[in-house]
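The residues making up each chain are set out below.
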Protein chains: 2
Amino acid sequence: MTHCKPYVIGVDMGGTNTVVGVVDTRGKIVATTAFKTRDCEEFSDFVESIAKACRRVMGEIGGPQMIAGIGVGAPNANYYSGNIENPANLPWKGILPLAEMLYNTLDIPVAVTNDANAAAIGEMTYGAARGMRDFIMITLGTGVGSGIVVNGELVYGNDGFAGELGHVKVRRGGRQCGCGQRGCLEAYCSATGVARTALEFLDTHTEDSLLRKLTPSQITSKDVYDAAIQGDAMAKEIFEYTGKIMGEAFADFVCFSAPEAIVLFGGLAQAGDLLIVPIRKSMEENLIQNWKGKIKLIPSALPSSEAAILGAAALGWKAQ
Amino acid sequence: MTHCKPYVIGVDMGGTNTVVGVVDTRGKIVATTAFKTRDCEEFSDFVESIAKACRRVMGEIGGPQMIAGIGVGAPNANYYSGNIENPANLPWKGILPLAEMLYNTLDIPVAVTNDANAAAIGEMTYGAARGMRDFIMITLGTGVGSGIVVNGELVYGNDGFAGELGHVKVRRGGRQCGCGQRGCLEAYCSATGVARTALEFLDTHTEDSLLRKLTPSQITSKDVYDAAIQGDAMAKEIFEYTGKIMGEAFADFVCFSAPEAIVLFGGLAQAGDLLIVPIRKSMEENLIQNWKGKIKLIPSALPSSEAAILGAAALGWKAQ
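Residues numbered from 1 in each chain as written. Chains lettered and ligands numbered in written order. Predicted model: local features only at pLDDT ≥ 70, side-chain atom pairs only at ≥ 80, totals over all residues. Heavy atoms only, no water.

(A) Representation of the overall build of chain A in the model. Counting secondary structure elements, chain A contains 9 helices and 12 strands. Taking 320 residues into account, the globule formula puts the C-alpha radius of gyration at 20 Å, and chain A, at 20 Å, falls close to it. Taken along the three principal axes of its C-alpha coordinates, chain A extends 65 × 45 × 35 Å. Burial status across chain A gives 57% buried among its 320 residues. Within chain A, counting contacts between residues at least 6 apart in sequence, those at least 24 apart form 62% of the total. (Helix = DSSP H or I, 4+ residues; strand = E, 2+ residues; numbered from the N terminus. Rg over C-alpha atoms; globule rule 2.2 N^0.38 Å. Buried < 20%, exposed > 50% of the residue type's maximum accessible area, 1.4 Å probe, protein only. Contact = heavy atoms within 4.5 Å.)

And the structure:
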């Protein structure tokens, strides 16, 4: 670690876009650039594209000698190995040695982790979890991800893949999940899960709803949100159902690590009270006595466009 | 910490007996004594009894100047505060400042933690989890306790009470648990839970069983074990039912901390393969792909009479 270098680079690698940004010690993004992840045919082309983007942003702040490290948040990335391992939603398969290849290209220390862990590090360094030593970050997007912080450190586990709370079972034998199991939290409480709930409710409920005007197969969690803020009863009930399941799961998570807070991040978290209120009610009902009223449930304090970059960048300070 | 002092004292405080032992650096118990916990009317009497017991065992190894610290494993004990907080199964109520009072009496550093955490520390220091940085200890006794180790450190959480895995819900709306909630792991998979399952099975099954010869209200998990090793089909089914629920819960725990192993400790764990085989089968069925076949499920390697003392003693090295 060379703390005298005043900047880090954060790389937010998504299935669609990859964003590269330079961040200073106070968490200000001072330069960014982006490219289409899928435009890179081979994984080596992708690494070359990141390197090119890094060189571009480094040019704006005085060159590579100003950079302490590079942090990358990427799907299925393993902090221990520096590899992306068997990603389901990327064009390349198998074991992809991202940290090693990027280091060999740029000669700057590189650390990688998965996107939810990067978000947790960002929240701890610059956001709502500043100063907290024990919290759980839940990312609600297409899937449900998590980053767990215990004693001020990310929990990576024995293999680097700890914190897969989206695959805790919330309904035994319930909905089929993309992971191959049934009844996972992700199958109910992701954006996709909310859309599935909408389809179920449209089928099993008889009441009228704004959602009935839409093509069922195309309904998104955003449609449910839009209907709910217009006062649509069924849409609100969908959020209550989602929040109930999430609150039950959160009460179990508290038994594990007794966190100071659970921080919600991602598109669905922007539903605000529509989701937070039923989560809190359900979590409180399910908590054992000594934790009732004591666990904070808070939204991310980072702008969604910046959180992933800031999280990856914060990891950059630890790269060596 | 004064590592030049060659011994620590471990105190295993139970609802019935309190055992005090001197342990050397290699985990050998060199002197012990015990007294009845409930013979002490006031909590201050109890502290005085521990002090007296400590003086007695210290006399056998050369006096207090040989002792680096005292570790106490006690129900509802909080590592952060040094207090026993609102114990359900002890004769004294409220907040009991054990570490402070014992330190004031003996002038030797004292650390306390709950019994399951002490067992985890013992297993990590002297037992089956030696060298492991990530594992989960599950104690199966009257209740279900847990001690979670992440990055080589006990997980205490924000308030010191992390690791209450016995109160994770395994059957929503299921059996009433002593904690006030329904469906907790403890209500199914403790020794008491096994006895409850036996009563349920006797009621709902029609087949003959050795268990039908016993007074139903007096059946214990030991009776179920005895029947099972004699080949009794219902008794074996009771262990399979218990193991199935435990394996489902363990698969969820793996999502949290991706441990190298889950270590089973306590009376019920001595059921061996009768319990371990169905747990493993169920856990494997419920694990997501990247963990299948990779999580060790092992019994404690410490003699049950020694584990609690050794665990508490290992904590003594950290007292300061």
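(B) Molecular detail of the pattern of salt bridges. All names here are of chain B. Counted according to the given criterion, the structure contains 20 salt bridges over all chains. Where Glu248 meets Arg171, a salt bridge forms, and the shortest distance between an N and an O atom there is 2.9 Å. Placement of Glu248 in helix H7 (residues 233–257) and of Arg171 in the loop between strand S10 (153–154) and helix H4 (186–189) is noted, with a sequence separation of 77 residues between them. For the salt bridge of Lys244 with Glu248, the shortest nitrogen-to-oxygen distance reads 2.9 Å. Pair noted here: Lys244 and Glu248 are both in helix H7, with a separation of 4 residues, about one helical turn. (Salt bridge = Lys/Arg side-chain N within 4 Å of Asp/Glu carboxyl O.)

(C) Expanded view of the interface of chain B and chain A. Facing 42 residues of chain B, the contacting portion of chain A comprises 42 residues. Between chain B and chain A lies a buried interface of about 3200 Å² when both sides are counted; carbon and sulfur atoms form 54% of it. The tally of links from chain B across to chain A stands at 4 salt bridges. Put simply, chain B and chain A have 23 residue pairs in polar contact (both at pLDDT 80 or more) between them. When residues of the side of chain B that touches chain A are traced back to their parent elements, those giving at least two are strand S9 (144–150), S10, H7 and helix H8 (273–286) of chain B. Sorting elements by how many residues they give to the side of chain B that touches chain A places H7(B) first, with 7 residues. (Buried area = accessible area lost by both parts, 1.4 Å probe. Polar contact = N/O pair within 3.5 Å; in protein donor to acceptor, adjacent residues only side chain to side chain.)

(D) Representation of the sheet that holds strand S7 (residues 110–113) of chain A within the structure. Residue and element names in this part refer to chain A. Read from one edge to the other, the open sheet built from 5 strands follows the order S3-S2-S1-S4-S7, with strand pairing classed as mixed. If you trace the sheet from one side to the other, it starts and ends with strand S3 (29–36) and S7, each paired once. Between one strand axis and the next, the sheet turns by 15° as a mean value, whatever way the strands run. Summarising the sheet, strand S1 (residues 7–13) and strand S2 (residues 17–24) pair through 7 bridges and their orientation is antiparallel. Residue pairing in the sheet places Val11 in a bridge with Val20 of S2. Packed on one face of the sheet, helix H3 (residues 115–126) meets S2, strand S4 (67–73) and S7 and runs near 110° to S7. Against the sheet, helix H9 (residues 304–316) makes contact with S1, S2, S3, S4 and S7, and its axis sits at roughly 130° relative to S1, the strand it touches most. (Pairing = 2+ DSSP bridges. Axes fitted to C-alpha atoms, helices over the stretch in contact; angles between N-to-C directions.)

(E) Geometry of the packing of aromatic side chains. All chains considered together, the criterion is met by 21 aromatic pairs over all chains. Here a set of aromatic residues connected by ring pairs shows up, and it is made of A:Phe250, A:Phe253, A:Phe256, B:Phe250, B:Phe253 and B:Phe256. (Phe/Tyr/Trp six-rings, centres within 6.5 Å; stacked < 30°, edge-to-face > 60°.)

(F) Representation of the sheet that holds strand S4 (residues 67–73) of chain B. All names here are of chain B. With mixed pairing, 5 strands are arranged side by side in an open sheet as S3-S2-S1-S4-S7. Because the sheet does not close on itself, it has two edges, and the strands there are strand S3 (29–36) and strand S7 (110–113). The average undirected angle you get between the axes of adjacent strands in this sheet is 15°. In the sheet, strand S2 (residues 17–24) pairs with S3 via 7 bridges, with the strands oriented antiparallel.

(G) Spotlight on the nonpolar core. Counting residues in each nonpolar core, the largest one holds 111 residues, and the members touching the most others are A:Ile138, A:Phe250, A:Phe253, B:Ile138, B:Phe250 and B:Phe253. A:Phe253 has contacts with A:Ile136, A:Ile138, A:Leu165, A:Val168, A:Leu185, A:Ala258 and B:Phe256, leaving out every residue within four places of it along the chain. (Core = buried A, V, L, I, M, F, W, Y, C linked by side-chain atoms within 4.5 Å.)

(H) Quick look at helix H7 (residues 233–257) of chain A. Residue and element names in this part refer to chain A. In this model H7 runs 36 Å from its N-terminal to its C-terminal C-alpha over 25 residues, within 8% of the 36 Å that 1.5 Å per residue would give. By the criterion of burial, H7 is predominantly enclosed, with 19 of the 25 residues buried. Residue Asp232 occupies the N-cap position of H7, its side-chain oxygen lying 3.4 Å from the main-chain nitrogen of Met234. Two residues or fewer past H7, Ala258 is found with a positive phi of approximately 40°. (Expected span 1.5 Å × (residues − 1).)

(I) Quick look at the relation of the copies chain B and chain A. Each copy of the sequence occupies a distinct position, and chain B is placed on chain A by a rotation of 180° and an axial shift of 0.0 Å, giving an RMSD of 0.1 Å. On this basis, the relationship between the two copies can be described by a two-fold rotation axis. In this assembly, 100% of the residues forming the interface of chain B have copies in chain A that are likewise at the interface, indicating an isologous arrangement. (Least-squares fit on C-alpha atoms with pLDDT ≥ 70 in both.)

(J) Spatial organisation of the environment of B:Gly193. All names here are of chain B. Considering the arrangement of structural elements, one finds Gly193 in helix H5 (residues 191–204). The spacing of Gly193 and Asp115 is 78 residues in sequence and 20 Å in space, taken between C-alpha atoms. Gly193 has contacts with Arg175, Glu186, Ala187 and Tyr188, leaving out every residue within four places of it along the chain.

(K) Summary view of the side chain of A:Lys169. Along the chain, A:Lys169 falls in the loop between strand S10 (153–154) and helix H4 (186–189). Buried charged residue A:Lys169 carries no salt bridge. Nearest counter-charge: B:Asp252, at 4.7 Å. Only 2.7 Å separates the side chain of A:Lys169 from the backbone oxygen of B:Asn286, close enough to count as a polar contact. When near neighbours in sequence (up to four residues on either side) are disregarded, A:Lys169 contacts A:Gln181, A:Arg182, A:Gly183, A:Cys184, B:Asp252 and B:Asn286. (Lys, Arg positive; Asp, Glu negative; His and termini not counted.)

(L) Focus on unusual backbone geometry. Within the chain, A:Asn86 stands out as a residue other than glycine whose phi angle is a positive 50°. Classification of A:Asn86 as exposed rests on a relative accessible area of 51%.

(M) Geometry of the environment of B:Asp134. Position of B:Asp134 among the secondary structure elements: in the loop between helix H3 (115–126) and strand S8 (135–140). Given the relative accessible area of 4%, B:Asp134 is considered buried. For the pair formed by B:Asp134 and B:Cys4, sequence separation is 130 residues and the distance between their alpha carbons is 29 Å. Aside from chain neighbours lying at most four places away, what touches B:Asp134 is A:Gly157, A:Asn158, B:Val149, B:Val150, B:Asn151, B:Ala258, B:Pro259, B:Glu260 and B:Ala261. At 3.2 Å, the side chain of B:Asp134 forms a polar contact with the backbone nitrogen of B:Asn151.

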